[in-house]
Amino acid sequence: AFRSILTIESASMNVMHTLAPPPVEDDHGVSPSVPPLQMVLDLLASSLLATIDQNSVGEEIGDRVVCICGVLGIILTNGEIMVREMLLRLTIGAEKRNILDVLLHWLEHDFAA
């Protein structure tokens, strides 16, 4: 269902707003809300990095990572080539690690155990 409602334009806008949030448009200086894709990436980062640091993968966190990767996969398949390139270059976590590097490390750690 999500795949059918996510347009190319929406996928592009989500990735663009994650890379460069839109400027504050409020006269009162209220910051814009966190872009939805950034919230997904933050959840992915906290889940992945927590399991790597704790040397254990709980079923709940594993399920969360799989679901988030599913959402990212839909954005990858529904987005334009430029969106795919940008999404794969996004960084997560406080150390600003590349999303693919963290995912690959998590997969190696999870399946090696």
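Note that the coordinates shown come from a computational prediction; the quantities given were computed from them, not determined experimentally. (Residues numbered from 1 in each chain as written. Predicted model: local features only at pLDDT ≥ 70, side-chain atom pairs only at ≥ 80, totals over all residues. Heavy atoms only, no water.)

J.: Honestly, helix α4 (residues 59-78) in this entry has me stumped. Any pointers?
T.: Three- or four-residue spacings in an α-helix give side chains the same orientation, since the helix completes a turn every 3.6 residues. Helix length check: α4, at 20 residues, gives a terminal C-alpha distance of 29 Å against a target of 28 Å (1.5 Å per residue), a fit within 8%. Among all positions in α4, only Gly-62, Val-65, Ile-68, Leu-72, Ile-74, Ile-75 and Asn-78 are buried. (Helix = DSSP H or I, 4+ residues; strand = E, 2+ residues; numbered from the N terminus. Expected span 1.5 Å × (residues − 1). Buried < 20%, exposed > 50% of the residue type's maximum accessible area, 1.4 Å probe, protein only.)

J.: Mind showing me how you'd approach the packing of α4 against helix α5 (residues 81-88) here?
T.: Relative placement of two packed helices is described by the angle separating their axes and the distance separating the axes. Axis separation between α4 and α5 bottoms out at 7 Å; the angle between their running directions is 145°. Note on element contacts: α5 touches α4 through Val-83, Arg-84, Leu-87 and Leu-88, opposite Leu-72, Ile-75, Leu-76 and Thr-77. In the contact of α4 with α5, the residues fall into six nonpolar, one polar and one charged. (Axes fitted to C-alpha atoms, helices over the stretch in contact; angles between N-to-C directions. Contact = heavy atoms within 4.5 Å. Nonpolar A, V, L, I, M, F, W, Y, C, P; charged D, E, K, R; others polar.)

J.: Explain the state of the cysteines to me, please; I cannot follow it from the model alone.
T.: Two cysteines joined by a covalent bond between their sulfur atoms form a disulfide. For the structure on display, the rule yields zero disulfides. With no disulfide partner, Cys-67 has as its closest neighbouring cysteine sulfur the one in Cys-69, 9.4 Å distant. Overall, the relative accessible area of 53% leaves Cys-67 in the exposed class. Judged by its relative accessible area of 27%, Cys-69 falls in the partly exposed class. (Disulfide = S-S within 2.5 Å.)

J.: What is the right way to look at the side chain of Asn-14 in this model?
T.: Turning to its location among the elements, Asn-14 is positioned in helix α2 (residues 8-19). A polar contact is formed between the side chain of Asn-14 and the backbone oxygen of Ser-10, at a distance of 2.9 Å. Beyond its immediate chain neighbours, meaning those up to four positions away, Asn-14 contacts Pro-36 and Leu-37. (Polar contact = N/O pair within 3.5 Å; in protein donor to acceptor, adjacent residues only side chain to side chain.)

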